Amino acid sequence: MANVTDLQTKYSRLAQEYSKLRAQNQVLKKAVVDEQANSASFKEQLKQRDQSLRKQDQEMDSLSFRNQQLAKRVELLQEELAASEAKGKKWKNKGDSPSHHTVRTQSVFDEDLQKKIEENERLHIQFYEADEQHKRQEAEMRARLEELERETQHHQSIVEGLTTNYTETIQRLQSDKARLEVKIQTLEREGKDCRLRTEECQQQLRRCQSELNTQLKQSSSVIQEKVPFNDTKFSDYNSLNVPAHNRRHQLKARDVAGQALSFIQDLVAGLLNFHSYTEQRVHIYPLDSSIESISPLNQKFSQYLHENAVYVRPLEESFLQLHQSITEDTVTVLETVDKLKNFSDNFSMYTRFLQKLLPYQLKSLEEECQTPLCTAALSMKNRELQTDVKSVTSLFDKLQNYINLLTLPSVRQDGMPQSSTSAVFTQLGACLHSLHDVIKQMSKHYNQKASLEQEIPTATQKLFTTTECLLGSLGSLTNSTGKLSTFFSNNLDFFTSSSYSPRGSTAALNPLHAESMLSNKKKAAAYIHALQKPRPQSVPYREALSNRRILTSSTESREGLTQQVQQSQEKIARLEQEKEHWLLEAQLGKVRLEKENQRISDLEAQLAMAQGAGQKSRTTAVSTLTQNHEEVETALKTAAKETMCTSLVGMLCTVPTAEHDVASVLQLGDEESREQLIKTHYMTRVGELTTQLQVSDSKAVHFHSECRALAKRLAIAEQSRDTVVEEMKRANQNITHLQDELSTTKRSYEDQLSMMSDHLCSMNETLSKQREEIDTLKLGSKANAKKNKGR
């Protein structure tokens, strides 16, 4: 991955260098085009100069030819003059008759000579001027040619530097290409390694997914069995639908309410000053109450204005209560803000107060217009102020309606939807902006009216000071309404956002949700406070995982264990009964054994007495023996009956007779011992069989639970196999996609390198063409310079 990132960074660096070179190429193209245009213009200028030079050469040739003709003409004229002078001397010698003819011809020659001389001077002057102009132009052309040569040398140096840069970039790009090819090979090897790693990761992912699926099923089963929380009948009382407490929202709401409170206080102060100074102005203008009584209309208007504090002060007090009710431990939404209703009621009272003042204010302005000193401009300003007062009153009425709409969610259970609330807040902001504009326009009109009232001759200084105070109150109202409108526009998103809403629904928050939210917040705070106390050491993670595995394995065999417990309980109850039965049997056997031992001892004593005594005693012994025999007989019958009732092995039937009474008594102990041995043998055998039966039952239950667990694991393994097959398909698709991307990037690099090489070839061709053009221009300029020097 690091190599891929390095390749991407180098590719981006190459793209940046290519863009820089492309920009420089465009600049060079522009410079070459400009130089070509300049060279073309210079060629045209050179052609024009060559043409002008040719013309001047032709003129020089014509002038020199004309000068030669004139010189020849002057020589001929001089010769003719000399011949005429010689002829004149001859004629003088001959006489004076042809003198008049010679004088006339001489005057003609003189005039002709004078004209030729003037023309020669003029031609000399033109020739001198043309020569000077030619020298000056030649000097300018030479200077221009030197400048062009310097520019060509400069451009040549630039072109050479660019060619070197281009060659360096070509070499660098070629080296980068070779390096990129090497990196591509390394990336291919790394891609193979990555594929192997992806296979390993896929295997790990399969294992993790199988474990997670089992954990998910176990947790979902635990949740379904142990955590019933959905109240489908009354969803409003579902505890999980209560939103979380937003402390940031509360802090923001308190901050916004504090800012709004400061703006409301400024607005209240401005309204109090405006109404108070309006009352003072009514007592001063148009009639001064200290000099004469004012009209009843103005008296009533002044009385109403005097009560302004009763309607304006509660606005500040109610909004202060609203600000104090917003704390960090409350829920601030329209459904829970009860103090907003008090502010709405006070605002409605102030709006009714403005509506009560409106007709008196309009009549007062009309009364000012009816004064004799009121000009037309002042009347127009009063009419404008009437419209402004009407607009202000209507805007306050609109604000009252919007504020009443905002109080509906806290009064009614149904409230308003979120979209309607957003629309109301938007319209409220627009209404505040309109109020700011109207009050600003009203202040402007009052200012113009004050400047016009200063021109009234009967205006007093008291009126001027009151008007200035009134203008100051209007200025403060303009500032406070402007701040309030901008504040509302800046926080419109906060007002229209729904920070509290039940989970899984878009319904509004009701007071019941708010109470649940606050109670949950208190519980959470108490829980956090309890967490800060010292706690016992928690179970380590690995130990918890092992315990969880043990728990899951035990839950799988829970039914088998419950069956085993029930069977073992039944067996324990049966064995307890048998145990009690055998305890009773043992107690009865002990009692019988004691009785028999006593009887044997009595019989032995009686036998000894019978042997030692006489015949008399024999009769008595026989009688006692018969009695004892009867007692023994009855005892044996009862014992036989008890044995028949209680014995588990069977019955031992003995028929006692009178002859064998003593032998039977003696043999009774042996029979009972034999029966006891048989009984113990069979009881041990029964115990062994019961233990084997319990072991086999427990094994069967264990095998049954294991089979159920294996069936579940088989189903989970099949599901994981399907998921792993799908993931393997996706991984193969990703691998093919990455190979395609690698091939595309490789092709794009090759295409860019080929484009760069083609571009460099074209640049070299253009540079060679420019060099050829510059060489041709140099040769042409040198040839022109040589021609000019030769001329």
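Remember, predicted model here, so these are calculated numbers, not experimental data.

Colleague: Teacher, can you tell me more about the overall build of the chain here?
Modeller: Scanning the chain from terminus to terminus reveals 15 helices and zero strands. Here the chain holds 791 residues, and the buried ones make up 27% of them. Put simply, 86% of the contacts in the chain that link residues at least 6 apart link residues at least 24 apart. With an accessible surface of roughly 52500 Å², the chain has 55% of that area assigned to carbon and sulfur atoms.

Colleague: Sorry if this is basic, but what is going on with empty space enclosed by the protein here?
Modeller: In this approach the atoms are scanned with a rolling probe the size of a water molecule, which exposes any empty space left behind. As enumerated under the stated definition, the model contains six cavities of 30 Å³ or more in all. The volume enclosed by the largest cavity comes to roughly 180 Å³. As for the largest cavity, its lining consists of 15 residues, of which Phe274, His275, Leu354, Val392 and Met442 are closest to the centre. Counting only elements with at least two residues in the lining of the largest cavity, the list comes to α3 (247-284), α6 (339-369), α7 (376-411), α8 (418-453) and α9 (461-490). Of the residues contributing to the lining of the largest cavity, the split by class is twelve nonpolar, three polar and no charged.

Colleague: Can you help me understand α7 in this one?
Modeller: One turn of an α-helix holds 3.6 residues; hence residues three or four places apart share an orientation. Helix length check: α7, at 36 residues, gives a terminal C-alpha distance of 53 Å against a target of 52 Å (1.5 Å per residue), a fit within 8%. A side-chain oxygen of the first residue of α7 lies 3.3 Å from the backbone nitrogen of Leu378; this N-cap is Thr375.

Colleague: I tried to follow the side chain of Ser485 on my own but got confused; where do I start?
Modeller: Here Ser485 lies in helix α9. The buried category is assigned to Ser485, whose relative accessible area is 2%. Those residues in contact with Ser485 that sit more than four places away from it in its chain are Leu432, His433 and His436.

Colleague: Quick question: what am I supposed to make of the environment of Leu320 here?
Modeller: Among the secondary structure elements, Leu320 is positioned in helix α5 (residues 308-325). Of the residues examined, Leu320 reaches a relative accessible area of 34% and is grouped as partly exposed.

Colleague: Would you take a moment to explain the confidence of the model for the chain for this structure?
Modeller: Note that predicted coordinates carrying low pLDDT should not be read in detail. Here the chain averages 76 in pLDDT, and 78% of its residues register 70 or above. Element-level pLDDT for the chain is lowest in helix α14 (residues 615-646), with a mean of 46, against a maximum mean of 89 in α9. Within the model, the stretch residues 226-233 combines pLDDT values under 50 with six contacts to residues more than four positions away or in other chains. Counting interchain partners and residues more than four positions distant, the pLDDT-below-50 stretch residues 614-619 has zero contacts.

Colleague: How do you make sense of the packing of α6 against α7 when you look at a structure like this?
Modeller: Relative orientation and spacing of two packed helices are given, respectively, by the angle between their axes and the distance between those axes. Where α6 contacts α7, the two axes come as close as 9 Å, and the packing angle between them is 165°. Taken together, α6 and α7 sit at an angle that is classed as roughly antiparallel. Classified by chirality, the crossing of α7 by α6 is left-handed. Across the contact of α6 with α7, the residue classes break down as 16 nonpolar, twelve polar and five charged.

Colleague: So what exactly am I meant to see when it comes to the pattern of salt bridges here?
Modeller: It is possible for side chains bearing opposite charge to pair when their charged atoms get close. If you walk through the whole model with that rule in mind, you get twelve salt bridges. For Asp131, the salt bridge is made with Lys135, and the minimal N-O distance between the two is 4.0 Å. Residue Asp131 and its partner Lys135 are both found in helix α2 (residues 99-226); the two are separated by four residues, about one turn of the helix. Judged by relative accessible area, Asp131 falls into the partly exposed class, the value being 26%. Residue Lys135 is classed as partly exposed on the basis of its relative accessible area of 47%. The residue Glu368 makes a salt bridge to Lys449 at a minimum N-O spacing of 2.6 Å.

Colleague: For this particular structure, what's the right way to read the nonpolar core?
Modeller: Across soluble globular proteins, nonpolar side chains show a tendency to be buried alongside one another. The biggest cluster of nonpolar side chains holds 63 residues, and the ones touching the most others in it are Phe343, Tyr350 and Met442. When contributions to this core are tallied by element, the ones reaching two or more residues are α3, α4 (296-306), α5, α6, α7, α8 and α9. Tallying contributions element by element places α3 first for this core, with 13 residues. The next biggest cluster of nonpolar side chains, apart from the first, holds 14 residues, and it includes Leu7, Leu162, Tyr166 and Leu187.

Colleague: When you look at the packing of α3 against α4 in this model, what are you seeing that I'm missing?
Modeller: Between α3 and α4, whose axes approach to 9 Å, the crossing angle comes to 160°. It follows that α3 is roughly antiparallel to α4 by the angle criterion. Relative to α4, α3 is oriented so that their crossing is left-handed. Residues His275, Thr278, Glu279, Val282 and His283 of α3 lie in contact with α4, whose contacting residues are Asn298, Phe301, Ser302, Leu305 and His306. For the contact of α3 with α4, the per-class residue count stands at three nonpolar, six polar and one charged.

Colleague: Please explain α4 as it appears in this structure.
Modeller: The complete set of buried residues in α4 reads Asn298, Phe301, Ser302, Tyr304 and Leu305. Buried residues of α4, seen end-on, are gathered within an arc of 160° and therefore sit on one face of the element. Facing away from the buried side of α4 by more than 90 degrees, the exposed set consists of Pro296 and His306.

Colleague: So what exactly am I meant to see when it comes to the packing of aromatic side chains here?
Modeller: Remark: the centre distance and the inter-plane angle together describe each pair of aromatic rings, the angle taken between the planes. Under the criterion given, the structure shown has nine aromatic pairs. With a centroid separation of 5.2 Å and 70° between ring planes, the pair formed by Tyr304 and Tyr360 is classed as edge-to-face. Here the residue Tyr304 occupies a position in helix α4, and Tyr360 occupies one in helix α6, the gap between them amounting to 56 residues. Members of the aromatic cluster, each reached through a chain of ring pairs, are Tyr311, Phe319, Phe343, Phe347, Tyr350, Phe353 and Phe396. Just above the ring of Tyr304 sits the side chain of Lys356; from NZ or CZ to the centre is 4.7 Å.

About the criteria used
Residues numbered from 1 in each chain as written. Predicted model: local features only at pLDDT ≥ 70, side-chain atom pairs only at ≥ 80, totals over all residues. Heavy atoms only, no water. Helix = DSSP H or I, 4+ residues; strand = E, 2+ residues; numbered from the N terminus. Buried < 20%, exposed > 50% of the residue type's maximum accessible area, 1.4 Å probe, protein only. Contact = heavy atoms within 4.5 Å. Areas by Shrake-Rupley, 256 points an atom, 1.4 Å probe, with all protein chains shown as cover. 1 Å grid on protein atoms, 1.4 Å probe; cavity = no way out; pocket = protein on both sides within 12 Å on 5 of 7 lines; lining within 4 Å. Points joined across faces, edges and corners; volume = space filled by probe spheres on them. Nonpolar A, V, L, I, M, F, W, Y, C, P; charged D, E, K, R; others polar. Expected span 1.5 Å × (residues − 1). Polar contact = N/O pair within 3.5 Å; in protein donor to acceptor, adjacent residues only side chain to side chain. pLDDT = per-residue confidence, 0-100. Axes fitted to C-alpha atoms, helices over the stretch in contact; angles between N-to-C directions. Parallel < 35°, antiparallel > 145°, perpendicular 65-115°, else oblique. Left-handed = near helix turned anticlockwise from the far one by under 90°. Salt bridge = Lys/Arg side-chain N within 4 Å of Asp/Glu carboxyl O. Core = buried A, V, L, I, M, F, W, Y, C linked by side-chain atoms within 4.5 Å. Arc of directions from axis to C-beta. Phe/Tyr/Trp six-rings, centres within 6.5 Å; stacked < 30°, edge-to-face > 60°. Lys NZ or Arg CZ within 6 Å of the ring centre and 35° of its normal.

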